[in-house]
Amino acid sequence: MSAIQEPLLKVQGLGTAFPTHDGLVRAVADVSFSVQPGRTTALVGESGSGKSVTSLTLMGLLPRDADARISGRADFRCRDGRQVDLLSLPPKQARALRGNEIAMIFQEPMTSLNPVLSIGEQIAESLRLHKGLDRAAALAAARRMLELVEIPAAAQRLAEYPHQLSGGMRQRVMIALAMACEPRLLIADEPTTALDVTIQAQILALVGRLQRETGMSVLFITHNLGVVAHHADEVVVMYAGRVVESAPVKPLFAAPQHPYTQGLLNCLPAKARQAPGAADASRPRRLFAIPGQVASPLAPPPGCAFEPRCARAEARCREAMPALASLAGRQARCIHVQESL
Amino acid sequence: MVHEQEQQQPLIEVRHLKRYFGDLKKQPVRAVDDVSFAIRPGETLGLVGESGSGKSTLGRSVLRLIEPTAGQVLYRGEDIAQAGARRMRELRRKLQIIFQDPYASLNPKMRIADILGEALDTHGLAKGREARAARIAELLSLVGLRPEHGTRYPHEFSGGQRQRIGVARALAVEPEFIVADEPLSALDVSIQSQVVNLLMELRERFKLTMLFISHDLDVVEYLCDRVVVLYLGRVMEVAETRALYEQPLHPYTRALLAASPQPDPEAPHRPVPLQGDIPSPINPPSGCVFRTRCPHAEALCAVSVPPLTEVRPGRFSACWRQELFA
């Protein structure tokens, strides 16, 4: 049903490369996915998979001195119905979108809030900039935002500084800041990684509630498969800068197609426990493990990036990078999957 | 409290351990407050709780890397808190630690062989150049690295490999007891399972006893025999792992388990188990420290501290409203 709707964001062939002393590092290559209105797409991957570079490229937040070489396109539908390519947008128009139609929350709320501005001023700044409110009106709106994210005693909190808040409260402030201009797309980059599980549950419930109330879409970047299982509609699995598999959440967990996705799910202790026969072993057996580690982006393997760690690898896998093959609403980048389709 | 059911003498016994920081006469931070437990030889005891619960302070106090404010830590019946400097050095050979951050816990200016060699030299092990080099090579292969890795520096390794080096350093002195302080939390999922397997292998091979500190309840369930649940410096619950996960008896344990997201989209969606944040350990709540977030708290809970009591054989819980869950 959601497939009939036009996506809010459609990313096609996104690539980001950084020139370094040791040569061009292709951090992200050939990444395509879409985010449907009111839905959540999760970008999943381990360190070095390129999930954060993807989100920073979309937001235009890569440092200028990184001299990133960006390719591909990312079509975003604005509030007024215009379609813009985020990757080729002039800086002034990008600024008008950022924090307004597209907002972002980060992993570390301590370093992403300004330590010398009060909470109220930081939220008000965005409202004054994008909505043209005056100081008093912006502060009043900031207070409503703090109430929206369930911060107790919002009026007092307005005058407080980030260091006076706990990690969970800071992430709520980040969310208030992101929600201030009612974004159509919220990019959440590992928003709960620094938090305890009980606080993580609170923050995820809050984001879910705001999404239901405002109809915004969420691009959720995470390494936590438990969080993905409960909060994503679509899942995009990344490995070494490329999409290796994408599917709706239930089919992905029920029948992962790519050997990397299969391995990732199998090496979770929670999954090992559900395995048949696991309950009667007095001491746990070995966990499934993916051998080795991600190859250096400076010396990528000639063919499939996962081939050196893959149990199903054969000579053909070393010849060329497999294409992303599609079937029935899902995709996988593996020659074995192509054959079985 | 723990001893009756045990035939064996525990390898490590912690009795009424306290560690306060700051001015004890004013309002100290009560990081660890009156904690007692025992670890049997060969057992892996899990220590779980949120940040600020005192897990790491407790782990370090057990090894006397932090001096306890009060209480005893017995190693084979000997109080290590009372040991003199010379005796302590001997004891350190038996008691080792693996740290959380493999980037911060290896000296960046030392080659791996020297990092491992230093541990040997300190305790007068593997004397002589050849014996020393052979032992270093053995240690590296034990943790899945190659002998030639010894000539490299820490920055040349990935996080998972560094954690293997941290494990090799702890094993260099042939310890009996290891405190593993969140050894997996800096690692990616696919690397985590490699290190979990390594720890399980070595534990079996060298009959190691472990205190495994973690906030990851899935790993603890997988790796540990028994679990101690800590909140704001106090023990909430102690139980055999399987019993604890099947039926948690303390409301805090129940909340922790409910908050841990399962990697299964078909699993029923659970409501948010706890509101608010962990209170400050400078001014902990009166009575039961968990009562301010507990959905079952009543007047009595604010009055006095619930004692850790044996609610069932081998199962201890500190809750005034235990009858609700037992």
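Residues numbered from 1 in each chain as written. Chains lettered and ligands numbered in written order. Predicted model: local features only at pLDDT ≥ 70, side-chain atom pairs only at ≥ 80, totals over all residues.

**Notes on the overall build of chain A**
Part 1 of the argument: A count of helices and strands for chain A gives 13 helices and 12 strands.
Part 2 of the argument: The C-alpha atoms of chain A give 21 Å as radius of gyration, which agrees with the globular expectation for 341 residues (20 Å, within 12%).
Part 3 of the argument: In chain A, which comprises 341 residues, the proportion classed as buried is 49%.
Part 4 of the argument: When contacts within chain A are restricted to residue pairs at least 6 apart in sequence, long-range pairs at least 24 apart make up 62% of them. (Helix = DSSP H or I, 4+ residues; strand = E, 2+ residues; numbered from the N terminus. Rg over C-alpha atoms; globule rule 2.2 N^0.38 Å. Buried ≥ 20, exposed ≤ 12 C-beta atoms within 10 Å, placed from the backbone. Contact = placed C-beta atoms within 7 Å.)

**Details of the overall build of chain B**
Part 1 of the argument: Looking only at helices and strands, chain B has 10 helices and 12 strands in total.
Part 2 of the argument: Here chain B has a C-alpha radius of gyration of 21 Å; the compact-globule value for 326 residues is 20 Å, and the two agree.
Part 3 of the argument: Every one of the 326 residues in chain B was classed for burial, and the buried ones make up 47%.
Part 4 of the argument: If you take every contact in chain B between residues at least 6 apart in sequence, the share linking residues at least 24 apart comes to 65%.

**Side note on the domain arrangement of chain A**
Part 1 of the argument: Split by domain assignment, chain A resolves into domain 1 (111-180) and domain 2 (260-276 + 287-340).
Part 2 of the argument: Computed over C-alpha atoms, the centres of domain 1 of chain A and domain 2 of chain A are 43 Å apart. (Domains from an automatic or database assignment.)

**As for the sheet that holds strand 12 (residues 330-332) of chain A**
All names here are of chain A.
Part 1 of the argument: With mixed pairing, 8 strands are arranged side by side in an open sheet as 6-7-8-3-9-10-12-11. The open sheet has two free edges, formed respectively by strand 6 (102-105) and strand 11 (325-327), since each of these has just one partner strand. Mean inter-strand twist for the sheet, computed between neighbouring axes without regard to direction, equals 20 degrees.
Part 2 of the argument: Relative to strand 9 (residues 234-239), strand 3 (residues 40-44) runs parallel, the two being bridged by 4 bridges. What sits directly across from valine 44, in strand 9, is valine 237.
Part 3 of the argument: Against the sheet, helix 1 (residues 51-59) engages strand 3, strand 6, strand 7 (185-189), strand 8 (217-222) and strand 9, with an angle of about 145 degrees to strand 7. (Pairing = 2+ DSSP bridges. Axes fitted to C-alpha atoms, helices over the stretch in contact; angles between N-to-C directions.)

**Points about unusual backbone geometry**
All names here are of chain B.
Part 1 of the argument: Despite not being glycine, aspartate 34 has its phi angle at roughly 60 degrees, a positive value.
Part 2 of the argument: Here aspartate 34 lies in strand 2 (residues 29-39).
Part 3 of the argument: Positive phi values are uncommon outside glycine, yet lysine 207 reaches one of about 50 degrees.
Part 4 of the argument: With respect to the element layout, lysine 207 can be found in the loop between helix 6 (189-205) and strand 8 (209-213).

**With respect to the interface of chain A and chain B**
Part 1 of the argument: Each partner contributes to the interface: chain A provides 38 residues, whereas chain B provides 33 residues.
Part 2 of the argument: At the level of elements, helix 8 (197-214), helix 9 (225-231), helix 10 (249-254), helix 11 (259-266) and helix 12 (269-274) of chain A are the ones that each hand at least two residues to the side of chain A that touches chain B.
Part 3 of the argument: In terms of residues, the side of chain A that touches chain B owes the most to one element, helix 8 of chain A, which gives 7 residues.

**Re the sheet that holds strand 10 (residues 234-240) of chain B**
All names here are of chain B.
Part 1 of the argument: Taken together, the 8 strands give an open sheet; going across it, the order is 6-7-8-3-9-10-12-11, and neighbouring strands pair in mixed fashion. With partners counted over all chains shown, the strands left at the sheet margins are strand 6 (95-98) and strand 11 (309-312), one partner each. The mean inter-strand angle of the sheet, taken between neighbouring strand axes irrespective of direction, is 25 degrees.
Part 2 of the argument: As paired strands, strand 6 and strand 7 (residues 177-181) are joined by 4 bridges and run parallel to one another. Note on strand 7: the bridge partner recorded for leucine 95 is phenylalanine 177.

**A look at the pairing of strand 7 of chain B**
All names here are of chain B.
Part 1 of the argument: Of all 5 residues making up strand 7, 5 are buried, and the element is well covered by its neighbours.
Part 2 of the argument: The two faces of strand 7 match: Phe177, Val179 and Asp181 on one face and Ile178 and Ala180 on the other face are all buried.
Part 3 of the argument: Where strand 7 and strand 8 come together, 5 bridges link them in parallel fashion. Each bridged residue has a counterpart across the sheet, and for phenylalanine 177 the counterpart in strand 8 is threonine 209.
Part 4 of the argument: At this point the chain moves from strand 7, through helix 6, to the parallel strand 8, and the crossover so formed is right-handed. (Right-handed = clockwise from strand over helix to strand, strands pointing away.)

**Concerning the nonpolar core**
Part 1 of the argument: Core analysis: the largest hydrophobic core is formed by 195 residues, its most contacted members being Ala176 and Val235 of chain A together with Phe212 of chain B.
Part 2 of the argument: The two domains that each donate at least three residues to this core are domain 1 (111-180) and domain 2 (260-276 + 287-340) of chain A.
Part 3 of the argument: With residues up to four places along the chain from it excluded, the contact list for alanine 176 of chain A reads Ile123, Met145, Leu146, Leu148 and Val149 of chain A. (Core = buried A, V, L, I, M, F, W, Y, C linked by C-beta atoms within 7 Å.)

**A look at the pairing of strand 11 of chain B**
Residues and elements named next belong to chain B.
Part 1 of the argument: Two elements, strand 11 and strand 12 (residues 315-317), share 3 bridges in a ladder whose sense is antiparallel. Paired with threonine 309 across the two strands is serine 317, which belongs to strand 12.
Part 2 of the argument: In textbook terms, the turn of a hairpin is the stretch between consecutive antiparallel strands, and for strand 11 and strand 12 this stretch comprises 2 residues, one of which, glycine 314, has a positive phi near 80 degrees.

**Comments concerning the environment of valine 228 of chain A**
All names here are of chain A.
Part 1 of the argument: Summarising the element assignment, valine 228 is placed in helix 9.
Part 2 of the argument: Sequence separation between valine 228 and leucine 327 is 99 residues, and the spatial gap between their C-alpha atoms is 22 Å.
Part 3 of the argument: Apart from residues lying up to four places away in sequence, valine 228 is in contact with Ala42, Val44, Thr222, Val235 and Val249.

**Description of the packing of helix 3 (residues 112-122) of chain B against helix 5 (residues 159-171) of chain B**
All names here are of chain B.
Part 1 of the argument: The N-to-C vectors of helix 3 and helix 5 enclose an angle of 25 degrees; their axes lie 8 Å apart at closest approach. Here helix 3 lies roughly parallel to helix 5, going by the angle between them. As helix 3 packs across helix 5, the resulting crossing turns out to be right-handed. For the pair helix 3 and helix 5, the contacting residues are Ile112, Ile115, Leu116 and Ala119 in the first and Ile165, Ala168 and Arg169 in the second.
Part 2 of the argument: The residue makeup of the contact of helix 3 with helix 5, split by class, is 6 nonpolar, no polar and 1 charged. (Parallel < 35°, antiparallel > 145°, perpendicular 65-115°, else oblique. Left-handed = near helix turned anticlockwise from the far one by under 90°. Nonpolar A, V, L, I, M, F, W, Y, C, P; charged D, E, K, R; others polar.)

**Regarding helix 8 of chain A**
Along an α-helix, a turn takes 3.6 residues, which lines up residues three or four apart on a common side.
Part 1 of the argument: In this model, helix 8 of chain A (18 residues) spans 26 Å end to end at C-alpha, consistent with the 26 Å of a helix rising 1.5 Å per residue.
Part 2 of the argument: Against the buried residues of helix 8 of chain A lie helix 7 (167-179), strand 7, strand 8 and helix 9 of chain A together with helix 9 (251-259) of chain B.
Part 3 of the argument: At the exit of helix 8 of chain A stands glycine 215 of chain A, carrying a positive phi of roughly 75 degrees. (Expected span 1.5 Å × (residues − 1).)

**A word on the environment of lysine 10 of chain A**
Residue and element names in this part refer to chain A.
Part 1 of the argument: Mapped onto the elements, lysine 10 comes out in strand 1 (residues 9-20).
Part 2 of the argument: Through-space distance from the C-alpha of lysine 10 to that of glutamine 36 is 8.7 Å; in sequence the pair is 26 residues apart.
Part 3 of the argument: Residue contacts for lysine 10: discarding those within four places in its chain leaves Ser34 and Asp75.

**Quick word on the confidence of the model for chain B**
Residues and elements named next belong to chain B.
Part 1 of the argument: Looking at chain B, the pLDDT average stands at 93 and 98% of residues meet or exceed 70.
Part 2 of the argument: Confidence drops under pLDDT 50 across residues 1-6; counting only partners more than four residues distant or on other chains, this segment forms 10 contacts.
Part 3 of the argument: Prediction confidence for the complex, expressed as pTM and ipTM, is 0.90 and 0.87 respectively. (pLDDT = per-residue confidence, 0-100.)

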